[in-house]
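# Close look at the chain arrangement
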Amino acid sequence: MHREGPDYKMPRVRLNDEHLFRAFESDGRDDPSLEAELDEEFPLGDGTAEMEAIVSCPYCGEPVTIALDPGGGMVQDYVEDCEVCCQPWRVVVAYRRDGSADVSVQGLDQ
Ligand SMILES: [Zn+2]
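Please read these numbers as outputs of a predicted model, since none were measured by experiment. Every chain's residues receive numbers from 1 upward, in the order its sequence appears when written. Per-residue local features of the predicted model are confined to residues with pLDDT of at least 70, and side-chain atom pairs are confined, for both listing and counting, to 80 or more; whole-chain, interface and lining totals are unaffected and use all residues.

### Quick word on the overall build of the protein
Our working definition: Secondary structure elements are defined from DSSP: runs of H or I of at least 4 residues count as helices, runs of E of at least 2 residues count as strands, and each element is numbered from the N terminus. Here a residue counts as buried when 20 or more other C-beta atoms fall within 10 Å of its C-beta, as exposed when 12 or fewer do, and as partly exposed in between; the C-beta atoms come from the backbone. Note that contacts rest on C-beta atoms placed from the backbone: two residues are in contact if these are within 7 Å.
Within the protein, the regular secondary structure consists of two helices and five strands. Ordering the α and β elements of the protein from the N terminus gives α-α-β-β-β-β-β. Going through the 110 residues of the protein one by one, you find that 8% of them count as buried. Contacts in the protein between residues at least 24 apart in sequence constitute 45% of all its contacts with a sequence separation of at least 6.

The following block contains the structure:
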(Lines give C-alpha, C1' and ligand atoms only; values in the text may rest on other atoms or scores of the structure.)
Protein backbone atom coordinates (compact mmCIF):
# COMPACT_ATOMS: atom_id res chain seq x y z
CA MET A 1 0.00 0.00 0.00
CA HIS A 2 1.12 3.53 -0.69
CA ARG A 3 1.29 5.92 2.18
CA GLU A 4 -0.06 9.24 1.15
CA GLY A 5 -0.18 11.12 4.41
CA PRO A 6 1.22 14.61 4.73
CA ASP A 7 4.52 13.22 5.96
CA TYR A 8 4.93 11.06 2.89
CA LYS A 9 7.45 12.45 0.50
CA MET A 10 7.59 11.31 -3.04
CA PRO A 11 11.03 10.06 -3.91
CA ARG A 12 12.79 12.57 -6.03
CA VAL A 13 12.35 11.24 -9.52
CA ARG A 14 15.36 11.72 -11.66
CA LEU A 15 15.60 10.40 -15.14
CA ASN A 16 18.97 8.93 -14.42
CA ASP A 17 20.70 6.12 -16.17
CA GLU A 18 19.67 3.52 -13.65
CA HIS A 19 16.06 4.39 -14.26
CA LEU A 20 16.49 4.11 -18.01
CA PHE A 21 18.32 0.85 -17.71
CA ARG A 22 15.51 -0.68 -15.69
CA ALA A 23 12.98 0.49 -18.25
CA PHE A 24 14.98 -1.19 -20.94
CA GLU A 25 15.23 -4.40 -18.94
CA SER A 26 11.49 -4.60 -18.53
CA ASP A 27 11.06 -4.44 -22.28
CA GLY A 28 13.15 -7.55 -22.75
CA ARG A 29 11.45 -9.74 -20.22
CA ASP A 30 9.68 -11.82 -22.84
CA ASP A 31 13.01 -13.33 -23.80
CA PRO A 32 15.36 -13.73 -20.85
CA SER A 33 18.26 -14.92 -22.98
CA LEU A 34 17.96 -11.93 -25.27
CA GLU A 35 17.75 -9.66 -22.27
CA ALA A 36 20.96 -11.08 -20.84
CA GLU A 37 22.68 -10.63 -24.15
CA LEU A 38 21.56 -7.04 -24.43
CA ASP A 39 22.68 -6.36 -20.89
CA GLU A 40 26.18 -7.22 -21.94
CA GLU A 41 26.27 -5.62 -25.32
CA PHE A 42 24.26 -2.49 -24.77
CA PRO A 43 25.83 -0.52 -21.94
CA LEU A 44 22.96 1.80 -21.14
CA GLY A 45 23.86 1.59 -17.49
CA ASP A 46 27.14 3.30 -18.16
CA GLY A 47 25.42 6.58 -18.83
CA THR A 48 26.66 6.75 -22.39
CA ALA A 49 23.35 6.35 -24.18
CA GLU A 50 22.42 9.46 -26.08
CA MET A 51 19.29 11.20 -24.90
CA GLU A 52 18.76 13.62 -27.73
CA ALA A 53 19.75 14.27 -31.29
CA ILE A 54 19.75 17.21 -33.63
CA VAL A 55 18.17 16.51 -36.98
CA SER A 56 17.31 18.61 -39.99
CA CYS A 57 13.66 18.66 -40.90
CA PRO A 58 13.14 17.17 -44.37
CA TYR A 59 10.34 19.68 -44.97
CA CYS A 60 11.47 23.03 -43.63
CA GLY A 61 15.18 22.32 -43.25
CA GLU A 62 15.37 23.68 -39.73
CA PRO A 63 17.64 21.95 -37.24
CA VAL A 64 15.48 20.46 -34.52
CA THR A 65 16.53 18.79 -31.30
CA ILE A 66 14.51 15.66 -30.61
CA ALA A 67 14.43 13.63 -27.42
CA LEU A 68 15.54 10.02 -27.63
CA ASP A 69 14.42 7.23 -25.36
CA PRO A 70 17.19 4.67 -24.80
CA GLY A 71 14.66 2.57 -22.87
CA GLY A 72 12.65 2.07 -26.04
CA GLY A 73 15.06 -0.44 -27.50
CA MET A 74 18.14 -0.58 -29.66
CA VAL A 75 16.21 0.10 -32.83
CA GLN A 76 13.22 2.39 -32.88
CA ASP A 77 11.00 3.54 -35.69
CA TYR A 78 8.28 6.04 -34.97
CA VAL A 79 6.47 9.11 -36.20
CA GLU A 80 7.09 12.52 -34.76
CA ASP A 81 5.94 15.94 -35.88
CA CYS A 82 8.40 18.69 -36.66
CA GLU A 83 8.11 21.26 -33.92
CA VAL A 84 8.83 24.03 -36.40
CA CYS A 85 6.50 23.25 -39.32
CA CYS A 86 4.40 20.44 -37.78
CA GLN A 87 4.97 18.06 -40.70
CA PRO A 88 5.16 14.39 -39.71
CA TRP A 89 8.52 12.68 -39.78
CA ARG A 90 9.41 9.07 -39.79
CA VAL A 91 12.20 8.83 -37.23
CA VAL A 92 14.51 5.82 -37.17
CA VAL A 93 16.86 5.49 -34.21
CA ALA A 94 19.52 2.80 -34.01
CA TYR A 95 21.71 2.62 -30.95
CA ARG A 96 25.23 1.39 -31.30
CA ARG A 97 26.96 -0.72 -28.69
CA ASP A 98 28.73 2.27 -27.26
CA GLY A 99 25.42 4.01 -26.61
CA SER A 100 25.67 6.51 -29.41
CA ALA A 101 22.60 6.84 -31.57
CA ASP A 102 22.29 6.81 -35.33
CA VAL A 103 19.23 8.91 -36.06
CA SER A 104 17.63 9.42 -39.44
CA VAL A 105 14.57 11.45 -40.29
CA GLN A 106 12.57 11.43 -43.47
CA GLY A 107 9.23 12.71 -44.60
CA LEU A 108 6.34 10.31 -44.26
CA ASP A 109 5.51 10.67 -47.95
CA GLN A 110 8.93 9.52 -49.10
ZN1 LIG B 1 9.92 21.24 -40.22
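And the narrative resumes.
### Points about the environment of C60
Relative to the helices and strands, C60 resides in the loop between β1 (52–56) and β2 (63–67). Using a count of 12 C-beta atoms within 10 Å as the deciding quantity, one classes C60 as exposed. Separated by 27 residues in the primary sequence, C60 and Q87 place their C-alpha atoms 8.7 Å from one another. Excluding residues that lie within four positions of it along the chain, C60 makes contacts with C82, V84 and C85.

### Notes on the sheet that holds strand β3 (residues 75–81)
To keep things clear, this is the line we draw: At least two bridges found by DSSP between two strands are what make those strands a pair. Here, axes are lines fitted to C-alpha atoms. For helices the fit covers the stretch in contact, and angles between N-to-C directions go from 0 to 180 degrees.
Reading across the sheet, the three strands line up as β3-β4-β5 and stay open at both edges, with antiparallel pairing between neighbours. Strands with a single pairing partner mark the edges of an open sheet, and in this sheet they are β3 and β5 (101–107). Going from strand to strand, the sheet's axes swing by 20° on average, the running direction of each strand aside. Bridge count for strand β4 (residues 88–95) against β5 is seven bridges, and the pairing is antiparallel. Across the sheet, residue W89 finds its bridge partner in β5, namely G107.

### Remarks on the pairing of β1
The element β1 is barely covered by neighbouring structure, given that only zero of its five residues are classed as buried. By the bridge criterion, five bridges tie β1 to β2 in an arrangement that is antiparallel. Bridge pairing links A53 to I66 in β2. The antiparallel hairpin formed by β1 and β2 contains six residues in its connecting segment, where G61 sits at a positive phi of about 80°.

### Digging into unusual backbone geometry
Backbone geometry at C86 places phi at a positive 70°, although glycine is not the residue there. With respect to the helices and strands, C86 occurs in the loop between β3 and β4.

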